[in-house]
Amino acid sequence: GEPPTAPVVNGPRRNPGSFRDPSGHVYHYQGRVFRNLGYKSAAHLAAVRQGDGLDELVAMGLLLPFQDAPPELAADILGAGGGVRVVEHPCLPFVSYPYEWSFQALKAAALHHLALQRAALDRGLTLSDATAYNIQFLGPQPIFVDLLSLRPYREGELWPGHQQFCEQFLGPLVLQAARGTFINPWYRGNQEGLPVPELASLLPWRWRLRPTVMTHLVLPARAQRAAFRQGAAGQGIAPRRLPRLSRQAYANILHQLAAFIGALVPRQARSIWGNYAETDTYGQAEYERKRAFVGRFVQEVRPRVLWDLGCNTGDFSALALHAGAERVIGFDADPGALDRAFSRAQRERLDFLPLYMDAANPSPDQGWNQAERQGLAARVNADGLLALAFVHHLAIGRNIPLDEAVGWLMSLAPRGVMEFVPREDPTVQTMLTHREADLFADYTQAAFVAAIQRRGEILAEEQVSASGRHLYAWERGDQD
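The notes below deal with the structure included here. Worth saying up front: this structure is predicted, and the values here are computed from it rather than measured.

**Here's the deal with the overall build of the chain**
Working step 1: From N to C terminus, the chain includes 18 helices and 16 strands.
Working step 2: Taking 2.2 N^0.38 as the reference for a compact globule, 480 residues should give roughly 23 Å; the C-alpha atoms of the chain span a radius of gyration of 25 Å, in line with that estimate.
Working step 3: Its C-alpha atoms give the chain principal-axis dimensions of roughly 75 × 60 × 45 Å.
Working step 4: Looking at the chain as a whole, 52% of its 480 residues are labelled buried.
Working step 5: Summed over its atoms, the accessible surface of the chain is roughly 21,600 Å², and 51% of this surface lies on carbon and sulfur atoms.
Working step 6: Here the chain contributes 48 positive and 49 negative side-chain charges, whose respective centroids are spaced 10 Å apart.

So, in structure tokens, the structure goes:
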């Protein structure tokens, strides 16, 4: 069969994750994003656009804008992939996936999906599916990106994406609220979400008895198990006449789910570093020196996209935005810190998206043909990088060779700031407790400096703490 991507040399490149709808592939061309519509999708879009509903959803900020592509670019894309019509979408600053979202981000995405469903229903439209991958973020603000998921509503129909919504939105949120379970690794391993039967079995009884949980998770899980048992026993599953659902009942379900999800909070959110800003080892003057150094770097570089590795609750991400960075993508492995960072970005209206990442095991290429979901390396788009109090967590916490840790960080952006925390620092001393010190003989300031200089040059250096912490601003050697 046709491979998932069929690029044209120096021409339009089909998105490798855009294969599930063969009549509406996404293409990248000249730094822009297009959707190539075949006859079926073009007719589908025309039917959806008969009224003003689609344009109103865009105006409400629920749906990613679109317009017909310029004729000369449309001709190139039609030549690459066939079709009859090409529409253009704004290029997103960064593509993230549900298994990289914090609880608060997944909750915001779920509420956005329900808000779009309700607004679409009011305009005679509905969604054909409920995949979480159709939501992206502009800072902390979710946006729905799949234009072709919208279609005319048929009176009396059931919600076609109900199971998908439960597996990819509702179930993961309920499990975190009920158990405090950190679901990101599970979600990454099973990209279609958390299977309802498995999920329901993990919930405490007091949660299973809640009406919303019983209706949308427990009873569907029982039905799925019963169907499986019948199939395993060789018994055919008799076709049944599906009930009809009035538009008002449909709207009521969406409203009730939104109210339920809106009230969810993670149970005992696991957080090791969520209070780091209040409990770190910096004195006030030392902390201000660190802030001043980072502020100068950002003012000089003016990054369009800054990555903040180990962003914690977003203190330095916010500082970078105020100093001149256009947007910040943050990464951290602490669920509690990420939730606080996301809530801060919403509250302060920051163009800051904090995402989950284990730096020693970042998101890989995966999905169909290992190309459907891009790994972190394929999405690198930073002009600047912050790695503050970060390197020692790789070198000592995860036994990553210091030179490799520095090399990886410098591969992510052309310029950046890294912090070296020496062995004498109380944090490193705590990490070395019950560890064999000989394992980390290469963890020295001289080796750290040499690792940077092998790949570029040091632009500025400053000691910012009495324990010997140093900041280094660097530029990679491949810059023209």
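**Re the sheet that holds strand 5 (residues 85–89)**
Working step 1: Taken in spatial order, the 5 strands make up an open sheet running 1-2-3-5-4, and their pairing is antiparallel. Each edge of the open sheet is held by one strand with a lone partner, namely strand 1 (13–14) and strand 4 (67–68).
Working step 2: Here strand 4 runs beside strand 5; their pairing, made up of 2 bridges, is antiparallel. Of the residues in strand 5, the one forming a bridge with Asp68 is Val87.
Working step 3: Sheet strands touched by helix 1 (residues 39–48): strand 2 (24–29), strand 3 (32–37) and strand 5. Its angle to strand 3, the strand with the most contacts, is close to 100 degrees.

**Focus: the nonpolar core**
Working step 1: In this structure, Phe165, Trp307 and Met418 are the most contacted members of the largest nonpolar core, which totals 108 residues.
Working step 2: For this core, the element with the highest residue contribution is helix 4 (residues 103–122), accounting for 11 residues.
Working step 3: With residues up to four places along the chain from it excluded, the contact list for Met418 reads Ala387, Val391, Val406, Leu409, Met410, Phe448, Ile452, His470, Leu471, Tyr472 and Trp474.
Working step 4: Residues Phe293, Leu319, Ala325 and Leu386 belong to the second largest nonpolar core, which totals 28 residues.

**Side note on the packing of helix 4 against helix 10 (residues 247–262)**
Working step 1: Closest axis-to-axis distance for the helix 4/helix 10 pair is 10 Å, and the angle between their directions is 160 degrees. The pairing of helix 4 with helix 10 is recorded here as roughly antiparallel in orientation. Where helix 4 crosses over helix 10, the handedness of that crossing is left-handed. Residues Lys107, Ala110, Leu111, Leu114, Gln117, Arg118 and Leu121 of helix 4 pack against Arg247, Tyr250, Ala251, Leu254, His255, Leu257, Ala258, Ile261 and Gly262 of helix 10.
Working step 2: Class assignment of the residues belonging to the contact of helix 4 with helix 10 gives a composition of 10 nonpolar, 3 polar and 3 charged.

**Quick notes on helix 5 (residues 162–179)**
Working step 1: The sharpest bend along helix 5 comes to roughly 40 degrees, located at Leu170, with the proline Pro172 sitting one to four residues further on.
Working step 2: Counting buried positions along helix 5 yields 14 of 18 residues, so the element is predominantly enclosed.
Working step 3: Of the residues trailing helix 5, Gly180 is marked for its positive phi of about 75 degrees.

**Things to note about unusual backbone geometry**
Working step 1: The phi dihedral of Gln30 falls on the positive side, at around 55 degrees, and the residue is not glycine.
Working step 2: Secondary-structure assignment places Gln30 in the loop between strand 2 and strand 3.
Working step 3: Its identity as a non-glycine residue notwithstanding, Asn399 has a phi of 60 degrees, on the positive side.

**A closer look at the side chain of Ser149**
Working step 1: You can see Ser149 is positioned in the loop between strand 8 (141–144) and strand 9 (150–152).
Working step 2: A polar side-chain atom of Ser149 sits 3.3 Å from a polar atom in the side chain of Asp129.
Working step 3: In this structure the side chain of Ser149 is engaged in a polar contact, spanning 2.7 Å, whose partner is the side chain of Asp146.
Working step 4: In this structure Ser149 touches Thr126, Leu127, Ser128, Asp129, Asn134 and Phe144, once residues within four positions along its chain are discounted.

Definitions and limits used
- Residues numbered from 1 in each chain as written.
- Predicted model: local features only at pLDDT ≥ 70, side-chain atom pairs only at ≥ 80, totals over all residues.
- Heavy atoms only, no water.
- Helix = DSSP H or I, 4+ residues; strand = E, 2+ residues; numbered from the N terminus.
- Rg over C-alpha atoms; globule rule 2.2 N^0.38 Å.
- Buried < 20%, exposed > 50% of the residue type's maximum accessible area, 1.4 Å probe, protein only.
- Areas by Shrake-Rupley, 256 points an atom, 1.4 Å probe, with all protein chains shown as cover.
- Lys, Arg positive; Asp, Glu negative; His and termini not counted.
- Charge placed at Lys NZ, Arg CZ, Asp CG, Glu CD.
- Pairing = 2+ DSSP bridges.
- Contact = heavy atoms within 4.5 Å.
- Axes fitted to C-alpha atoms, helices over the stretch in contact; angles between N-to-C directions.
- Core = buried A, V, L, I, M, F, W, Y, C linked by side-chain atoms within 4.5 Å.
- Parallel < 35°, antiparallel > 145°, perpendicular 65-115°, else oblique.
- Left-handed = near helix turned anticlockwise from the far one by under 90°.
- Nonpolar A, V, L, I, M, F, W, Y, C, P; charged D, E, K, R; others polar.
- Bend = angle between axes of the 7 residues up to and from the residue.
- Polar contact = N/O pair within 3.5 Å; in protein donor to acceptor, adjacent residues only side chain to side chain.

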